[in-house]
Amino acid sequence: KKIFAFSIRKDEEPYVKEWAKDHPEVEVEYTDELLTPETAAKAKGADGVVVYQQLDYTPETLQALADEGITKMSLRNVGVDNIDMAKAKELGFEITNVPVYSPNAIAEHAAIQTARILRQTKVLDEKIANGDLRWAPTIGREVRDQTVGVIGTGHIGRVYMQIMEGFGAKVIAYDPFENPELKKQGYYVDSLDDLYAQADVVSLHVPATKENFHMIDKDAIAKMKDNVVIVNCSRGALVDTDAVIEGLDSGKIFGFIMDTYEDEVGIFNEDWRGKDFPDKRLKDLIDRSNVLVTPHTAFYTTHAVRNMVLNAFDNNLELINGEEADTPVKVG
Ligand code: NAD
Ligand code: COI
């Protein structure tokens, strides 16, 4: 049996080696190159592939893998929104993901950034770097004084709720599929409108489905409280960036936390030093003192990366062995 892995970073390599050592019956090969129509042939002879990338899995890319006889593909991440599912179905792909590699990684990042924006740490850092050590007017808001509205109470949303409660916030939530335990404890409001009307912080923890595209748009922002903080550590497509910029300009939005950006593909996780920055709108956001941009790094912890690699290889072996996969992705 042979598994080929694409786009293995240096920080993932030890875990690939760890898995290979524990599975001497499987031949493991890998490359640091992304999976594209051109590189797919590197997997020749493999029974399955382990992949991760923010690039789209286009029909051409999937076809190139299928041309090598490979249709068992295991993602090292959660999101599957960049896979052309119609083509994957047509080609008979079996796909797995790693839905729960470390919800804490993302929730913790979102919570840290929430606390930072409320205490205006970016403004303070900039002031201090310029020799301005005065307090005013950079006064903080305490987390315990905030009502935090969590949209999506899945794995990540639930951990974010716990952390924010630990800080003393009042937490409310909305999810069309209510968690029975959370429901008993009275966290849920009846609608997104209710959440917008009450929340000082609105944090998104939902997938980028067609229905959720630009769920945070001009109308949604208009329904939110003045001085709201919006947190998007989920997917760029959930937020209409222009509407947020309008809200920042008008002063309606106190702060915006973006770990994801609707046009991030080809920009995030690249080194732009000494080069022309390719996205003016993003540069404008990065330059604002009340916007905290991180390049989709919420997931990026040692704990998460180890689980992503080990679980993806386990999943791919399950597919190759014809076993029922633990975490299959619905193809189609
Ligand atoms: P999950 O599937 O466990 O939970 C998602 C929840 O969202 C579900 O309970 C679902 O019912 C709910 N939901 C869907 N649409 C909704 C809507 N319109 N309003 C309210 N609730 C809605 O997923 P998770 O593991 O908690 O991950 C959430 C998202 O986080 C992922 O889909 C992914 O986009 C994102 N993510 C980001 C990073 C990162 O590094 N920034 C890493 C992993 C995942
Ligand atoms: C996911 O797991 O879906 C993420 O968003 C993290 C990814 C950038 C590795």
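Figured I'd write up the structure that's included with this text. (Residues numbered from 1 in each chain as written. Chains lettered and ligands numbered in written order. Predicted model: local features only at pLDDT ≥ 70, side-chain atom pairs only at ≥ 80, totals over all residues. Heavy atoms only, no water.)

1. Comments concerning the site of ligand 1
In the vicinity of ligand 1 there are 25 residues, among which His 155, Ile 156, Asp 175, Asn 212 and Asp 259 approach most closely. With respect to ligand 1, the side chain of Asn 212 contributes an N or O atom lying 2.9 Å from a nitrogen atom. Separating a nitrogen atom of ligand 1 from a backbone N or O atom of Cys 233 is a distance of 3.0 Å. In isolation ligand 1 exposes 860 Å². Once the protein is present, 84% of that is buried. (Near = heavy atom within 4 Å. Polar contact = N/O pair within 3.5 Å; in protein donor to acceptor, adjacent residues only side chain to side chain. Areas by Shrake-Rupley, 256 points an atom, 1.4 Å probe, with all protein chains shown as cover.)

2. Some points on the packing of helix α1 (residues 13-22) against helix α12 (residues 302-320)
Look at α1 against α12: their axes get within 9 Å of each other, and the N-to-C directions meet at 40 degrees. Here α1 is positioned oblique relative to α12, judged by the angle of their axes. Between α1 and α12 the crossing geometry is right-handed. Judged by residue contacts, Tyr 15, Val 16, Glu 18 and Trp 19 of α1 engage Thr 302, Val 305, Arg 306, Val 309, Leu 310, Phe 313, Asp 314 and Leu 317 from α12. (Axes fitted to C-alpha atoms, helices over the stretch in contact; angles between N-to-C directions. Helix = DSSP H or I, 4+ residues; strand = E, 2+ residues; numbered from the N terminus. Parallel < 35°, antiparallel > 145°, perpendicular 65-115°, else oblique. Left-handed = near helix turned anticlockwise from the far one by under 90°. Contact = heavy atoms within 4.5 Å.)

3. Remarks on the side chain of His 214
Its place among the elements puts His 214 in the loop between β8 (201-204) and α9 (218-223). Relative accessible area serves as the criterion here: at 18%, His 214 is assigned to the buried category. Excluding residues that lie within four positions of it along the chain, His 214 makes contacts with Ala 237, Leu 238, Val 239, Asp 240 and Glu 262. (Buried < 20%, exposed > 50% of the residue type's maximum accessible area, 1.4 Å probe, protein only.)

4. Focus: the sheet that holds strand β1 (residues 2-5)
Strand order in the open sheet formed by five strands is β2-β1-β3-β4-β5, with parallel pairing between adjacent strands. Whereas interior strands pair on both sides, the edge strands pair on one side only; in this sheet they are β2 (27-30) and β5 (94-96). Each neighbouring strand pair of the sheet contributes to a mean axis angle of 20 degrees, computed without reference to strand direction. Relative to strand β3 (residues 48-51), β1 runs parallel, the two sharing three bridges. Paired with Ile 3 across the bridge in β3 is Gly 48. Strands in contact with α1 are β1 and β2; relative to β2, the strand with the most contacts, it is inclined by about 165 degrees. Contacting β1, β2, β3, β4 (72-75) and β5, α12 crosses the sheet at an angle of about 160 degrees to β4. (Pairing = 2+ DSSP bridges.)

5. Points about the nonpolar core
Tyr 160, Met 164, Val 231 and Phe 313 are the most contacted members of the largest nonpolar core, which totals 47 residues. Looking at this core, the elements with two or more residues in it are β1, α1, α4 (103-118), β6 (147-151), α6 (155-166), β7 (170-174), β9 (228-232) and α12. A total of nine residues in this core trace back to one element, the largest contributor, which is α12. Once residues lying within four places of it in the same chain are set aside, the contact partners of Tyr 160 are Ala 107, Ala 110, Ala 111, Thr 114, Val 148, Val 150, Val 201, Ser 203, His 205 and Val 231. Within the second largest apolar cluster, 31 residues are counted, among which are Leu 204, Ala 220, Val 244 and Val 291. (Core = buried A, V, L, I, M, F, W, Y, C linked by side-chain atoms within 4.5 Å.)

6. Some points on the pattern of salt bridges
Following the criterion strictly, the structure yields 27 salt bridges and no others. Between Asp 249 and Arg 288 there is a salt bridge, and its shortest N-O distance comes to 2.9 Å. You can see Asp 249 sitting in helix α10 (residues 241-250) and its partner Arg 288 sitting in the loop between α11 (280-287) and β11 (291-293), a full 39 residues away along the chain. Judged by its relative accessible area of 54%, Asp 249 is exposed. With its nearest N and O atoms 2.9 Å apart, the salt bridge here joins Asp 287 to Lys 283. A residue pair is termed a helical-turn pair when its members lie 3 or 4 positions apart in one helix, as Asp 287 and Lys 283 do in helix α11 at four residues. Residues participating in the shared-partner salt-bridge network are Arg 9, Asp 11, Glu 12 and Arg 76. (Salt bridge = Lys/Arg side-chain N within 4 Å of Asp/Glu carboxyl O.)

7. A look at the site of ligand 2
Close contacts around ligand 2 come from Tyr 52, Asn 77, Val 78, Gly 79, Tyr 101, Arg 235, His 296, Phe 299 and Met 308, and that covers them all. Taking Val 78, its main chain carries an N or O atom lying 2.8 Å from an oxygen atom of ligand 2. Between an oxygen atom of ligand 2 and a side-chain N or O atom of Arg 235, the distance comes to 2.6 Å. In isolation ligand 2 offers 280 Å² of accessible surface; the protein chains occlude 94% of this area.

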